[in-house]
Amino acid sequence: MIPLDPKEAANLGKAWGETITDSVFGIADDMKKVKAKNIATKARNELVQINNDIAKNNALLRKQAMQEIASEQERDRMSKMNPAQREAYKKSKARAALDAHNREIEAENAKQVVMAVVILVLLISIAGGVAAFMLMK
């Protein structure tokens, strides 16, 4: 209902004006807040990525340092061995490396055998289904 009193009409207009202003500028403020949150999230994600890269580099450096220390210790041990012990150590180390390599090859071969069996079973079941379908006709 529209008020007839000018003061009531002014108050109603003021209230509606405040409501509309709050709605329009409230939405704009909300959009600014969302944009600021998006920028903050993007910056935080970039920091996380940088930290992950640093952690990867540190792990790589740690691994390299451990390998260098192990190599240095091995050289130190070998320098204290007599020639026969050194030769036996080299042979056992080569044998261990060859055994590890052979285990890797055997594991890969086992995977391939399993895949071949799965494919064969699949083909047999398909052929059986086709044969059964043909017999039904």
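Higher on the page you've got the structure.
One structure accompanies this document, and this report is about it. Remember, it's a predicted structure, so these values are computed and weren't measured experimentally.

### Regarding helix α2 (residues 83–136)
Helical geometry: 3.6 residues make up each α-helical turn, so side chains three or four residues apart lie on a common side.
Stage number 1. Helix length check: α2 (54 residues) gives 79 Å between terminal C-alpha atoms against 80 Å at 1.5 Å per residue, within 8%.
Stage number 2. Here α2 starts with a cap whose side-chain oxygen sits 3.1 Å from the backbone nitrogen of Ala 84, and that cap is Asn 82.

### Notes on the pattern of salt bridges
Stage number 1. Across all of its chains, the model carries two salt bridges by this definition.
Stage number 2. Between Glu 74 and Lys 93 there is a salt bridge, with its nearest N and O atoms 2.6 Å apart. Highlighted residues: Glu 74 in helix α1 (residues 6–79) and Lys 93 in helix α2, separated in sequence by 19 residues.
Stage number 3. Glu 74 sits in the buried class, given a relative accessible area of 15%.
Stage number 4. Between Asp 76 and Lys 80 there is a salt bridge, and its shortest N-O distance comes to 3.6 Å.
Stage number 5. The class of Lys 80 is exposed, set by a relative accessible area of 66%.

About the criteria used
- Residues numbered from 1 in each chain as written.
- Predicted model: local features only at pLDDT ≥ 70, side-chain atom pairs only at ≥ 80, totals over all residues.
- Heavy atoms only, no water.
- Helix = DSSP H or I, 4+ residues; strand = E, 2+ residues; numbered from the N terminus.
- Expected span 1.5 Å × (residues − 1).
- Polar contact = N/O pair within 3.5 Å; in protein donor to acceptor, adjacent residues only side chain to side chain.
- Salt bridge = Lys/Arg side-chain N within 4 Å of Asp/Glu carboxyl O.
- Buried < 20%, exposed > 50% of the residue type's maximum accessible area, 1.4 Å probe, protein only.

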